[in-house]
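Observations on the three-dimensional arrangement
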Amino acid sequence: MLANTAGIMPDSLKFEADQHFFERGLDSVDVVVHGRHSHERQRRSDLRRRLILTRTVSAIAVDPSNKKALFWNPAGASLEQAMAVLGAPNGSVGVIGGTSVFGMFLDCYDVFYLSRAPDVRLPGGRPVFAEVPERTPEEVLASHGLERGQRQVLDAAKGLVVVSWLSATGSMSALLEKCV
């Protein structure tokens, strides 16, 4: 689960080691993509270019509150078009969620990092993918051609681990062709 039943990430799901891993990942991409209710709240958040998925615009619109952000409706414009308007036509993309955003890119990831906090339970919460809990996140990722990669322990005392799920395709350009 990404959040509780109210759609809020509770403090019980926030871990310093996971936040550092997350921030380092965001520092390595050119554009952050997320839904309109997702936020990263990192020290350098305001420096990052971003696409905010929403159905409230017909295609692409400027976010009046953030000069580095665009509102993007995939039904009205392609990812390629949105990236070009944002000024990053060949940029790397980091997708940070929510559920429908993660699902939209399932066939496009070159890597997906799945964190697990075994002692945190959010019954009825917002799942990482729409197919959860009928299927595990691992089953969803595997069904979209991603293969289990490296497992990293982020916080041994809390049992916090992250596993990278890698595209069998391997080529970022081949993956982007499926998503533009």
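A short tour of the structure in this document, coming up. Here the structure is a predicted model, which is why all the values come from computation and not from measurement.

**Regarding the pattern of salt bridges**
- Enumeration over the complete set of coordinates arrives at 4 salt bridges.
- Between Asp27 and Arg48 there is a salt bridge, with the nearest N and O atoms lying 2.4 Å from each other. Here Asp27 is found in helix H1 (residues 16–27), whereas its partner Arg48 is found in the loop between strand S1 (31–35) and strand S2 (49–53), with 21 residues between them in sequence.
- Of the residues examined, Arg48 reaches a relative accessible area of 7% and is grouped as buried.

**Things to note about the side chain of Thr99**
- Of note, Thr99 is situated in helix H3 (residues 99–104).
- Note on Thr99: relative accessible area 19%, which makes it buried.
- Looking at Thr99, its side chain comes within polar contact range of the main-chain oxygen of Pro127, at 2.3 Å.
- Those residues within four positions of Thr99 in sequence are excluded, and the remaining contacts are Leu2, Arg126, Pro127, Val128, Phe129 and Ala130.

**Some thoughts on the sheet that holds strand S8 (residues 160–167)**
- What the 3 strands build is an open sheet, ordered S6-S8-S7; its pairing is antiparallel. A strand with exactly one partner marks an edge of an open sheet, and here the two such strands are strand S6 (111–116) and strand S7 (146–155). Going across the sheet, the axis of each strand differs from the next one's by a mean of 20°, ignoring polarity.
- Direction of pairing for S7 relative to S8: antiparallel, over a ladder of 7 bridges. Each residue of the ladder has a partner; that of Arg151, found in S8, is Val163.
- Running at roughly 130° to S7, H1 makes contact with S6, S7 and S8 of the sheet.

**Considerations on the sheet that holds S2**
- Strand order in the open sheet made by the 5 strands is S3-S4-S2-S1-S5, with mixed pairing throughout. Bordering the open sheet on either side are strand S3 (60–62) and strand S5 (93–97), each of which pairs with just one other strand. Strand after strand, the sheet turns through a mean of 25° between neighbouring axes, direction not considered.

**Focus: helix H2 (residues 79–86)**
- Among the residues of H2, those classed as buried are Leu79, Ala82, Met83 and Leu86. The buried residues of H2 occupy an angular sector of 100° when projected down its axis, which confines them to one face.
- Positive phi shows up at Gly87, right after H2, with a value of about 90°.

**Structural notes on the nonpolar core**
- Counting 29 residues, the largest nonpolar core has Val33, Leu51, Trp72, Phe105, Phe112 and Phe129 as the members making the most contacts within it.
- Put simply, the parts of the chain that give this core at least two residues each are S1, S2, strand S4 (69–72), H2, H3, S6, helix H4 (137–143) and S8.
- Each residue touching Val33, except ones within four places of it in the same chain, is listed here: Leu51, Leu53, Trp72, Val93, Gly94, Val95, Ile96, Gly97, Val101 and Phe105.
- Core analysis: the second largest hydrophobic core is formed by 9 residues, Phe15, Phe21, Ala117 and Leu154 among them.

**Looking at the packing of aromatic side chains**
- Summed over all chains, the structure comprises 5 aromatic pairs.
- Residues Phe112 and Phe129 carry aromatic rings whose centres are separated by 5.3 Å and whose planes lie at 45° to one another, so their mutual orientation is tilted. Taken as a pair, Phe112 in strand S6 and Phe129 in the loop between S6 and H4 lie far apart in primary sequence, 17 residues in all.

Scoring rules and cut-offs
Residues numbered from 1 in each chain as written. Predicted model: local features only at pLDDT ≥ 70, side-chain atom pairs only at ≥ 80, totals over all residues. Heavy atoms only, no water. Salt bridge = Lys/Arg side-chain N within 4 Å of Asp/Glu carboxyl O. Helix = DSSP H or I, 4+ residues; strand = E, 2+ residues; numbered from the N terminus. Buried < 20%, exposed > 50% of the residue type's maximum accessible area, 1.4 Å probe, protein only. Polar contact = N/O pair within 3.5 Å; in protein donor to acceptor, adjacent residues only side chain to side chain. Contact = heavy atoms within 4.5 Å. Pairing = 2+ DSSP bridges. Axes fitted to C-alpha atoms, helices over the stretch in contact; angles between N-to-C directions. Arc of directions from axis to C-beta. Core = buried A, V, L, I, M, F, W, Y, C linked by side-chain atoms within 4.5 Å. Phe/Tyr/Trp six-rings, centres within 6.5 Å; stacked < 30°, edge-to-face > 60°.

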